[in-house]
Amino acid sequence: MGAVMSLMSGACSGDDMPVKSDVSINLSTDRAVYLPDESIDMSINISNHSGKPLILSFSNAQRFDFILEKDGRVLWTWSEGMMFAQVMGQEVLNAGQQITYNARFQDNLIPGTYKLTGKIVSINVPLSASVAIVVQ
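The written sequence of each chain sets the order in which its residues are numbered from 1. A pLDDT threshold of at least 70 governs which residues receive local features in this predicted model, and a stricter bar of 80 or more applies before side-chain atom pairs are shown or counted, although totals over entire chains, interfaces and linings include all residues. Just so you know, side-chain values use all the structure's heavy atoms and leave hydrogens and water out.

### What to know about the side chain of Thr 117
Here comes step 1: Counting from the N terminus, the helices are DSSP H or I runs at least four residues long and the strands are E runs at least two residues long. Residue position: Thr 117 is located in strand 10 (residues 112-120).
Here comes step 2: When its relative accessible area of 7% is taken as the criterion, Thr 117 is described as buried.
Here comes step 3: In the analysis that follows, any N or O atom pair within 3.5 Å is treated as a polar contact, provided that within protein one partner can donate a hydrogen and the other can accept it, and provided that, for residues neighboring in sequence, both atoms belong to side chains. For Thr 117, the side chain forms a polar contact with the side chain of Ser 130, separated by 2.7 Å.
Here comes step 4: The contact criterion used is simple: two residues touch if any of their non-hydrogen atoms lie within 4.5 Å. In contact with Thr 117, other than residues within four places in its own chain, are Leu 27, Asp 65, Phe 66, Ile 67, Glu 69, Ser 128, Ala 129 and Ser 130. Burial classes: relative accessible area under 20% of the type maximum marks a residue as buried, over 50% as exposed, and values in between as partly exposed (1.4 Å probe, protein chains only).

In structure tokens form, the structure reads like this:
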């Protein structure tokens, strides 16, 4: 398995009342170390560990994003150049449910250490996690 980062987070429901810290976000890659021309498969997973539904509200059809940085400079953003339907939307995670979003980065990278951040772009429960990736 590659790089993995998990966070437990306090969350807010649709009425901005705190939900117990029963929401976790897990960012993972298929490997921790890559060659310069290898693709990077990534996943971000949100889990609801609470006993009640969690409603995630979105300002458009985008649900997640991934950002790859080196030395504080953004090199790639998954959503760059994409168009998302301009409609409000929601995802409901029932008690014990999880949602996973996947993407792939395909480009050449110079050797070094990179920071990959995965985000859930919910307007009421924004979540993010980051992992380090090494290119040799």
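This is not the end of the story, as more comes after the structure.
### A closer look at the confidence of the model for the protein
As a note on interpretation, predicted positions should not be read in detail where pLDDT is low.
Here comes step 1: In the predicted model, the protein carries a mean pLDDT of 87, and the fraction of residues at 70 or more is 85%.
Here comes step 2: Values of pLDDT, which run from 0 to 100, indicate the predictor's confidence residue by residue. Confidence drops under pLDDT 50 across residues 6-20; counting only partners more than four residues distant or on other chains, this segment forms 36 contacts.

### Concerning the sheet that holds strand 3 (residues 33-34)
Here comes step 1: Here a strand pair is declared whenever DSSP counts at least two bridges between the two strands. The sheet built from 5 strands is open, its strands ordered 3-11-10-6-7 with mixed pairing. A strand with exactly one partner marks an edge of an open sheet, and here the two such strands are strand 3 and strand 7 (73-77).
Here comes step 2: Judged from the 4 bridges that link them, strand 6 (residues 64-70) and strand 7 form a sheet pairing that is antiparallel. Counterpart to Lys 70 in the pairing with strand 7 is Arg 73.

### What about unusual backbone geometry?
Peptide bonds are, in most cases, trans, and in most cases residues other than glycine have a negative phi.
Here comes step 1: Positive phi, normally seen in glycine, also occurs at Asp 71, with a value near 55 degrees.
Here comes step 2: Along the chain, Asp 71 falls in the loop between strand 6 and strand 7.
Here comes step 3: You can call Asp 71 exposed: its relative accessible area is 74%.

### Structural notes on the packing of aromatic side chains
The description of two aromatic rings rests on the distance between their centres and on the angle between their planes.
Here comes step 1: Between the rings of Phe, Tyr and Trp (Trp by its six-membered ring), a pair exists once the centres lie within 6.5 Å; its type follows the angle of the planes, with under 30 degrees stacked, over 60 edge-to-face, and the other angles tilted. Evaluated as defined, the whole model comprises 5 aromatic pairs.
Here comes step 2: Judged by centre distance (6.1 Å) and plane angle (40 degrees), the ring pair of Trp 78 and Phe 84 falls under tilted.
Here comes step 3: Grouped by ring-pair contacts, the aromatic residues Phe 64, Phe 66, Trp 78, Phe 84 and Tyr 101 constitute a single cluster.
Here comes step 4: Definition used: whenever NZ (Lys) or CZ (Arg) falls within 6 Å of the ring centre and also within 35 degrees of the ring normal, the charge is taken to sit over that ring. Across the ring face of Tyr 114, the terminal group of Lys 70 is positioned such that the distance to the ring centre comes to 5.3 Å.

### What to know about the pattern of salt bridges
Here comes step 1: Salt bridges are defined by distance alone: a side-chain nitrogen of Lys or Arg within 4 Å of a carboxyl oxygen of Asp or Glu. This structure, assessed with the given rule, holds 5 salt bridges.
Here comes step 2: Two residues, Asp 30 and Arg 31, come together in a salt bridge whose shortest N-O distance is 3.3 Å.
Here comes step 3: For Asp 71, the salt bridge goes to Lys 70, with nearest N and O atoms at 3.8 Å.

### Some remarks on the nonpolar core
Here comes step 1: Grouped together as the largest cluster of nonpolar side chains are 32 residues, with contacts concentrated most on Met 42, Ile 44, Ile 46, Leu 56, Phe 66, Leu 116 and Ile 120.
Here comes step 2: Among the elements of the structure, strand 2 (18-29), strand 4 (40-48), strand 5 (54-58), strand 6, strand 9 (98-105), strand 10 and strand 11 (127-135) are those that each provide at least two residues to this core.
Here comes step 3: Looking at this core, the element that brings in the most residues is strand 11, giving 5 residues. Here, the term nonpolar core denotes a set of buried Ala, Val, Leu, Ile, Met, Phe, Trp, Tyr and Cys residues that are joined through side-chain atoms within 4.5 Å.

### Points about the environment of Gly 89
Here comes step 1: Here Gly 89 shows up in strand 8 (residues 89-93).
Here comes step 2: Sequence spacing of Gly 89 and Ser 57 is 32 residues, and the spatial spacing of their C-alpha atoms is 5.9 Å.
Here comes step 3: Once you skip the residues sitting within four places of it in the chain, Gly 89 turns out to touch Leu 56, Ser 57, Phe 58 and Arg 63.

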